[in-house]
Structure formats: C-alpha cells, structure tokens
Amino acid sequence: MISASIENIIKMFNWGIITRMYGNSHSSIIGLLSSEWIKRSSNHSVLDGAPSPFVGKGRKGQKNADILLCKGDKPFIVVEVETIVSKYLEKIDSIAAYMENTKDYDGISFGLLVMLNYTNGADKYKHNWHDAKEYAMSKDIPIAFVSIEKSKADLGDTVLDQLKKRNEYYPWETSSIDYWIYGSDRKIIEGNLLIRNNAN
C-alpha cells in the first residue's frame, strides 16, 4: 500500500482517546484500535492475538503479533504495540514475517507499530526513532509507526492521584502522538496526530 493511503487509514483512528488512558496502556490501545476498526464497517473484524506467521513449526520460536485488523475475508493490517525501545526491531521483524507469508496471510497491506515512549523515564522507555526507521526501510515493507510520547505529570492529593502514585506507569500522561510512514511507493510521510500543550 502506498504511503498516502496508509496515512489516510492511520488518521481515521480517534487517537485523542489515549489521553484518558493511564498505566501501561498496552491492552487499552489494542482495545481502542480494535473497536475503532470494527465500528468503521460491518465488513471489518479483528483477530486478537494473531496466529503466528510461522506455520507448522510448533510453539518454539513462534512470534505472535498483538492483533490483525481484517477486511472482508482477509487480514488487512498487522499490529504490534510495544513499550520498550530495545524491542522495536524485534517487532518490525514480526511484522515483516507476516507480510512475507503471502500464502497464509494474503491480503495484509501494511504493518502498524505503536510505540509508547516515556520521555523523562528510564532509558529502556526513551524514544529512539532513527534506528527503527532505518531498520524498517531495510526490510522494504509498507509500515507505519505511531509514537505515543508520555511525560511525567505533577500529581496532587485527589483520590485518583493517590492511586496513580502506587504504580510506576500511572503518573504518566500523553503529551504528543506522532506518525512516520514508509509505503510500497518508498515515500516517507510523517506528521502529528496530537499535541497537548498542558497535559493534566
């Protein structure tokens, strides 16, 4: 799929909902993408916990994408959601494996990697676009990155704020959401889906 078409699909999701999600958000984002996809068309469905692209090799070494967004009777978008920077390249490999298996996964148009980055947190959560972009282009597959950046919030004394202090993931609020796309036409498109000047 060409870059402009991928961009149109990425922009159809209501990413602003993520600003009301606290915690790790991995499962919440999967739920958001799934529900947003399904409500767009009666022809849309979701495979949650996508079957491995490596068929007939047993459980050893299998990789399973988070979800497959399907259109009609075929898979359409393979999705990975990841919070740890060091696993980005592994997730790109996973997406590539699905796209390369055209026998079992005929119909996949592009891969989507959603990255959750904690801008002033531990190093393993800090953003690193460059290596992931270069690696994705080396795979020469249609792929989109959506980067959800979170910054640490100033918490008060409310009941909810006190609960947020009890888990390392909770005190973080979404500050921006950006995207980067490399399509089958080998064109790069990037932009912003959300900027919050004052996350609170």
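These remarks concern the structure in this document. (Residues numbered from 1 in each chain as written. Predicted model: local features only at pLDDT ≥ 70, side-chain atom pairs only at ≥ 80, totals over all residues. Heavy atoms only, no water.)

Time to look at the environment of N14. Structurally, N14 can be placed in the loop between α1 (3–10) and α2 (26–40). If near-sequence neighbours (up to four positions away) are discounted, N14 is found in contact with L32 and E36. (Helix = DSSP H or I, 4+ residues; strand = E, 2+ residues; numbered from the N terminus. Contact = heavy atoms within 4.5 Å.)

What follows concerns α1. Side chains three or four residues apart in an α-helix point the same way, a direct result of the helix having 3.6 residues per turn. Where α1 is concerned, the buried positions are S3, I6, E7, I9 and I10. The buried residues of α1 occupy an angular sector of 160 degrees when projected down its axis, which confines them to one face. (Buried < 20%, exposed > 50% of the residue type's maximum accessible area, 1.4 Å probe, protein only. Arc of directions from axis to C-beta.)

Another point: the environment of E90. With respect to the secondary-structure elements, E90 resides in helix α3 (residues 88–100). By relative accessible area, which is 35% here, E90 ends up partly exposed. When the C-alpha positions of E90 and A132 are compared, they lie 9.8 Å apart, and in sequence the two are 42 residues distant.

A few words on unusual backbone geometry. Although it is not a glycine, D140 adopts a positive phi angle of roughly 55 degrees. Inspection of the secondary structure puts D140 in the loop between α4 (129–139) and β5 (143–152). According to the relative accessible area criterion, D140 is partly exposed, its value standing at 36%. Backbone geometry at R186 places phi at a positive 60 degrees, although glycine is not the residue there. Here R186 falls in the exposed class, since its relative accessible area comes to 54%.

A few words on the packing of aromatic side chains. Scanning the model with the defined rule gives five aromatic pairs in all. Judged by centre distance (5.8 Å) and plane angle (20 degrees), the ring pair of W37 and F76 falls under stacked. Of the two residues, W37 sits in helix α2 while F76 sits in strand β3 (residues 74–82), which places them 39 residues apart along the sequence. Through a chain of ring-to-ring contacts, three or more aromatic side chains come together here, namely F145, W180 and Y182. Lying across the ring of F76, K71 places its NZ or CZ 4.8 Å from the centre. (Phe/Tyr/Trp six-rings, centres within 6.5 Å; stacked < 30°, edge-to-face > 60°. Lys NZ or Arg CZ within 6 Å of the ring centre and 35° of its normal.)

Once that is clear, we can look at the pattern of salt bridges. Opposite charge on two side chains permits pairing when their charged atoms draw close. By the definition in use, this model includes 10 salt bridges. When the shortest N-O distance is used, the salt bridge between R40 and E36 registers 3.9 Å. Of this pair, R40 and E36 are both found in helix α2, four residues apart, which corresponds to roughly one turn of the helix. Classification of R40 as partly exposed rests on a relative accessible area of 43%. (Salt bridge = Lys/Arg side-chain N within 4 Å of Asp/Glu carboxyl O.)

Relative to the helices and strands, I92 resides in helix α3. Considering only alpha carbons, one finds I92 and E80, 12 residues apart in sequence, at a separation of 8.4 Å. When residues no more than four places from it in sequence are discounted, the contact partners of I92 are L113, A132, Y135, A136, K139, I143 and F145.

Quick look at the pairing of β3 now. Across the nine residues that make up β3, a large majority, eight, are buried. Summarising the sheet, strand β2 (residues 67–71) and β3 pair through five bridges and their orientation is antiparallel. Bridging across to β3, C70 finds its partner in P75. Between the antiparallel neighbours β2 and β3 lie two residues, among them G72 with a positive phi of about 65 degrees. (Pairing = 2+ DSSP bridges.)

So, on to α3. Over its 13 residues, α3 extends 18 Å from the first C-alpha to the last, a length consistent with the 18 Å expected when each residue adds 1.5 Å. Considered for burial, the residues of α3 that qualify are Y88, K91, I92, S94, I95, A96, A97, Y98 and M99. (Expected span 1.5 Å × (residues − 1).)

By themselves, these figures tell us nothing about what the structure is for.
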